[in-house]
Amino acid sequence: NYGSVEEGGLWNWDVSLTFASIVCATDPVAVVGALHELGAPKKLANVIDGEALLNDGSAFVMFLIFRENVDALHRGDPLHTGATGVAFFAQLALGGFALGCLSFTIMNTWLAVVENDWRVELSIILAGVYATFAVAEGLLHVSGVLAVVTLGLLMTRRGKYSMSPEASVAAEWIMPMVAYVTETLIFFIAGIAAWTALTSYSEIVYTDALVLYCVLHLARGLTILVLYPILSHTGYDMRPGELLVVVYAGLRGAVSQTLSLILIADVAFKPIDRARIHFLVASATVLTLVINGTTVKPLYQALKLYPANKYRGLIVQRAIAILEGEAMQKIKEKLIDQDCLYSRANWETVKALIPSLEGTTLGDNNQLQIGEGSRIEVFSDALIRRILSIEQTSRARLEADVAKMALEVPEDESAKGIGAKMHSSFTQGGWFAPTSKRVEQAIAKKNTQVDPRVECRTHTFLAIALADKEHEPTKVDKPAVPKMSKFASRTAHNKAHDRFTGAASRVVNAGVAATAFDTGDTYTQVEKRGGIVSSLFEVVRQLYDEQYESEMLSGGPLAICREGLQAAEDFLAEFPRASTGSAFELELGVIEYMLPSRPAWAGAAEKIPLVGPVLAQHAEFFSCFDRTEALAGFVRAHERLADIVASDPSRSRFVKHAVSPALAKARASLHAHHLERWVVVSFQISILAARAANDAKRDEVKKLGHAGTLSHQDVGQLAPVFDHAHYKLEASRSGAFFGAMRFARAVERARTSSDMGN
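Thresholds, definitions, all that
- Residues numbered from 1 in each chain as written.
- Predicted model: local features only at pLDDT ≥ 70, side-chain atom pairs only at ≥ 80, totals over all residues.
- Heavy atoms only, no water.
- Helix = DSSP H or I, 4+ residues; strand = E, 2+ residues; numbered from the N terminus.
- Buried < 20%, exposed > 50% of the residue type's maximum accessible area, 1.4 Å probe, protein only.
- Contact = heavy atoms within 4.5 Å.
- Areas by Shrake-Rupley, 256 points an atom, 1.4 Å probe, with all protein chains shown as cover.
- Axes fitted to C-alpha atoms, helices over the stretch in contact; angles between N-to-C directions.
- Parallel < 35°, antiparallel > 145°, perpendicular 65-115°, else oblique.
- Left-handed = near helix turned anticlockwise from the far one by under 90°.
- Core = buried A, V, L, I, M, F, W, Y, C linked by side-chain atoms within 4.5 Å.
- Salt bridge = Lys/Arg side-chain N within 4 Å of Asp/Glu carboxyl O.
- Phe/Tyr/Trp six-rings, centres within 6.5 Å; stacked < 30°, edge-to-face > 60°.
- Lys NZ or Arg CZ within 6 Å of the ring centre and 35° of its normal.
- Patch = residues over 30% accessible without salt bridge, like charges linked within 9 Å, V, L, I, M, F, W, Y side chains within 5 Å.
- pLDDT = per-residue confidence, 0-100.
- Nonpolar A, V, L, I, M, F, W, Y, C, P; charged D, E, K, R; others polar.

Undergrad: What exactly am I supposed to notice about the overall build of the protein chain here?
TA: Looking only at helices and strands, the protein chain has 32 helices and two strands in total. Out of the 758 residues in the protein chain, the part that is buried amounts to 48%. Here the contacts in the protein chain between residues at least 6 apart in sequence split such that 79% fall between residues at least 24 apart. Working note: accessible area of the protein chain is about 37,300 Å², and carbon and sulfur atoms make up 60% of it.

Undergrad: I would appreciate a short explanation of helix H10 (residues 240-248) in the present structure.
TA: The periodicity of an α-helix, 3.6 residues per turn, causes residues three or four places apart in sequence to face the same way. A large share of H10 lies buried, amounting to seven of its nine residues. All buried positions along H10 are accounted for by Gly241, Glu242, Leu243, Val245, Val246, Val247 and Tyr248. Elements that come into contact with the buried residues of H10 comprise helix H2 (29-37), helix H3 (42-75), helix H8 (207-226), helix H9 (228-231) and helix H12 (271-303).

Undergrad: Explanation requested: the side chain of aspartate 695 in the structure shown.
TA: Secondary-structure assignment places aspartate 695 in helix H30 (residues 678-707). Beyond its immediate sequence surroundings of up to four residues, aspartate 695 is in contact with Glu551 and His726.

Undergrad: Would you explain the packing of H3 against helix H11 (residues 254-262) in this entry?
TA: When two helices pack together, their arrangement is given by the angle between the helix axes and the distance between those axes. In the contact formed by H3 and H11, the axes pass within 11 Å of each other and the chain directions differ by 15 degrees. With respect to their mutual orientation, H3 and H11 come out roughly parallel. Read as a crossing pair, H3 and H11 show a hand that is right-handed. Every residue of H11 that contacts H3 at Asp56, Phe60, Phe63 and Arg67 is listed here: Val255, Leu259 and Ile262.

Undergrad: Explanation requested: the nonpolar core in the structure shown.
TA: By size, the foremost hydrophobic cluster in this structure holds 85 residues, and its most contacted members are Tyr544, Phe683 and Phe743. Among the elements that make up this core, the one with the highest residue count is H30 (13 residues). Dropping the residues within four chain positions of it, phenylalanine 683 is found in contact with Val378, Phe379, Leu383, Ile384, Ile387, Phe621 and Phe743. One finds Val15, Val23, Ile204 and Ile277 within the second-largest nonpolar core, a separate group that totals 35 residues.

Undergrad: Any chance you could explain the pattern of salt bridges here in plain terms?
TA: Oppositely charged side chains are able to pair whenever their charged atoms sit close together. Applying the stated criterion to the full structure yields 24 salt bridges. Measuring nitrogen to oxygen at the nearest pair gives 3.1 Å for the salt bridge that ties arginine 220 to glutamate 51. Residue arginine 220 is located in helix H8, and its partner glutamate 51 is located in helix H3; the two are separated by 169 residues in the primary sequence. On the basis of relative accessible area, glutamate 51 is assigned to the partly exposed category, the value being 26%. Of the charged contacts in the structure, one is a salt bridge between glutamate 569 and arginine 541, with a shortest N-O distance of 2.4 Å. A residue pair is termed long-range when its members are at least 10 positions apart, and glutamate 569 in helix H24 (residues 555-574) and arginine 541 in helix H23 (residues 532-549) qualify at 28 residues. Arginine 541 matches glutamate 569 in its accessibility class, with the two residues each being buried. Here the salt bridges share partners, and the residues they tie into one network are Lys43, Arg239 and Glu242.

Undergrad: Just to check I follow, could you spell out the packing of aromatic side chains for this structure?
TA: To describe a pair of aromatic rings, one takes the distance between the centres and the angle between the planes. Evaluation of the coordinates by the stated rule reveals twelve aromatic pairs. Taken together, a centroid distance of 6.3 Å and an interplanar angle of 45 degrees make the contact between phenylalanine 621 and phenylalanine 683 tilted. Pair noted here: phenylalanine 621 is in helix H27 (residues 611-644) and phenylalanine 683 is in helix H30, with a separation of 62 residues, a long-range link. Phenylalanine 621 gets classed as buried once you look at its relative accessible area, which sits at 4%. For phenylalanine 683, a relative accessible area of 1% puts it in the buried group. In this structure an aromatic cluster arises from ring pairing among Phe379, Phe621, Phe622, Phe625, Phe683 and Phe743. The ring centre of tyrosine 342 lies 5.2 Å from the NZ or CZ of arginine 636, which sits over that ring.

Undergrad: Got a minute to help me understand the side chain of asparagine 55 in this structure?
TA: By the element assignment, asparagine 55 lies in helix H3. What asparagine 55 contacts, discounting residues up to four positions off in sequence, is Cys24, Ala25 and Thr26.

Undergrad: I tried to follow a nonpolar patch on the surface on my own but got confused; where do I start?
TA: Residues Met177, Tyr180, Val181, Leu185, Phe188, Ile189 and Ile192 make up a contiguous nonpolar surface patch of about 710 Å² in total accessible area. Of note, phenylalanine 188 is situated in helix H7 (residues 165-200). A residue is classified by how much of its surface remains accessible, and phenylalanine 188, at 56% relative accessible area, is exposed.

Undergrad: Help me out: how do you make sense of the confidence of the model for the protein chain in this one?
TA: Predicted confidence across the protein chain gives a mean pLDDT of 78, with 80% of residues reaching 70 or more. At the level of individual helices and strands, the protein chain shows its lowest average pLDDT in helix H20 (residues 485-488), which scores 33, and its highest in H30, which scores 92.

Undergrad: Looking at this structure, how should I read the environment of glycine 612?
TA: Looking at the element boundaries, glycine 612 is found in helix H27. The exposure class of glycine 612 is buried, given its relative accessible area of 0%. Spatially, the C-alpha atoms of glycine 612 and alanine 602 are 8.6 Å apart, while their sequence positions differ by ten residues. For glycine 612, the residues in contact, after removing those within four places along its chain, are Ala605 and Glu606.

Undergrad: I tried to follow the packing of H3 against helix H4 (residues 82-113) on my own but got confused; where do I start?
TA: Packing of H3 against H4 brings their axes to within 10 Å, and their N-to-C directions diverge by 135 degrees. For the element pair H3 / H4, the angle class is oblique. Note on packing geometry: the crossing formed by H3 with H4 is right-handed. Residues Val61, Met62, Leu64, Ile65 and Glu68 of H3 lie in contact with H4, whose contacting residues are Gly85, Phe88, Phe89 and Leu92. Here the contact of H3 with H4 is composed, by residue class, of seven nonpolar, one polar and one charged.

Right, here's the structure in full:
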């Protein structure tokens, strides 16, 4: 019994119609999203979206009318008659529309006045939306929902041209997030209210929720059936199958929950009636989301509303042929073959890690049936076997390249080759290993405290000075070396600073004794000619950032590359008479020192029971990744630097003499790193090359969409294939903790099967 005995055990008409207006509001977001994924025509989604938009506004108006009747009955005031009800409806509806137009005029004018400040523009939009609703409901007593809907429609149609491009992009990201947060809060509060109602009143029956679910669909279907003659001859000319999808798309959501929550503090409704409304509305929302939202895809596919167009099928086949033929060849020639790192990868191995669209056909409902080749497996045995099968020939070719590079880099024993000697001393000692230990012992012996902000660079400079001690000339003049002003006020650094400046002066003197490079200029002399060195450092920094933005460099390697560049800048700032070439070699030395192929603690970690080997494998695997990326990033940046300054004779000559030696050594280091750990580095290079090629292929799909060769629905189905592949490749690069272990096991299985085959 829903009502009193006098009412025959039923709700009165006003309570019943208030409840009906609540459950009439629909929220078909899940269904519309599913239809977009299935490539349904826009007209079907537009009908469902438009019906929900107007339905929400009218349902809210009807809710206010019938709720007002319930409140009037509780107060003893006269109820709305037919005439007063129509007048009240007109007040709410037309008043809401008028207020929405007024709000749009104010916001549009305000946005036009603001000068390209997206923060202010977005604040105006948010404040305008909430202020419109508050004024409508609190002051003017008109429909706030209709006012906001009108404001949104006008802003979409005309107001967007008053916004700056930055504000439009920000609104596209921020507004959905605001909607998501508010809807989540609504569902959370509504769930608490429904659970409280269910546990507080034993009169509430569970089966009523199932009855309501069926009645809602019957009522919706009956309404559309009555209006079918009109719908089939006007507007989009809807067919029976399409109307069945429209009936099934009647999900309930945030609007219904909001209207039910408005009644929480309304004493005109009996507590048991409020509890029943909370429970029934929440039940309808859950059932429609769980049942309709998850089964609309099979229903749409089973109906086969849109037969495949054979001509469109031919167009799709032509587009797939372009993607797998011309597009892949262009990616190989312009992206893979031209890159210092990606060119090391075997193209067939890279192709195995990129989704192939061969075998894709056009199925029912004009939906693409994507072939099995679109699925990739990163740690597959076949992939590892392919890498192992080409190891011998690829190693031989790479070793030949290393020998050729060694012949091209002369051994210069003059002062201008001091940077090379410093670099050599690092490599022979295991990349700063003994030097770093001597520095730490010296600092510990003097009991000095090193500022964390400069500790790394102080150690680097000390390492340079101490590592080159054996190359110190016997007879050189010793010009004064300026002390580091940023350390001057720090008493704790005085002794370490004296040791540093004394040793470093010998390095500087050795470099100045002859020439910095063939022009005979020191860093100071070069810098006076328009700031050549500092401008080139800034270009290199930007090139590092560009690689990060294009995902050629990860965050860790980028930070190390920038640290090496900053160390080179600081070194020249402290020793302006130093060789400029040695600064670029210092940049490379810092990168190699801070990114070893195997972390120092990996050996100790292996001894830890159970988790130790896994941790060591993980650290070694990803340290190798970082070293590969950082060395390649150094080579790319400095190769690009040479291209940029090619048209400037002074800078081009400087780059040739000062940067080229470090660039040659970086290429040699990358070769040596690859040869030392062939299988893992080859695998990682294949992953990085495949990730870049995958993103380029996805861009080619979008270009075909812009050209009209592929439809918007086709692009919507194909793009996620490459997004998923990008995620898997990226996860193997940085996100999979057990990736190293999976790789090691795959290598072991591949070697075992190879031995058994032999």
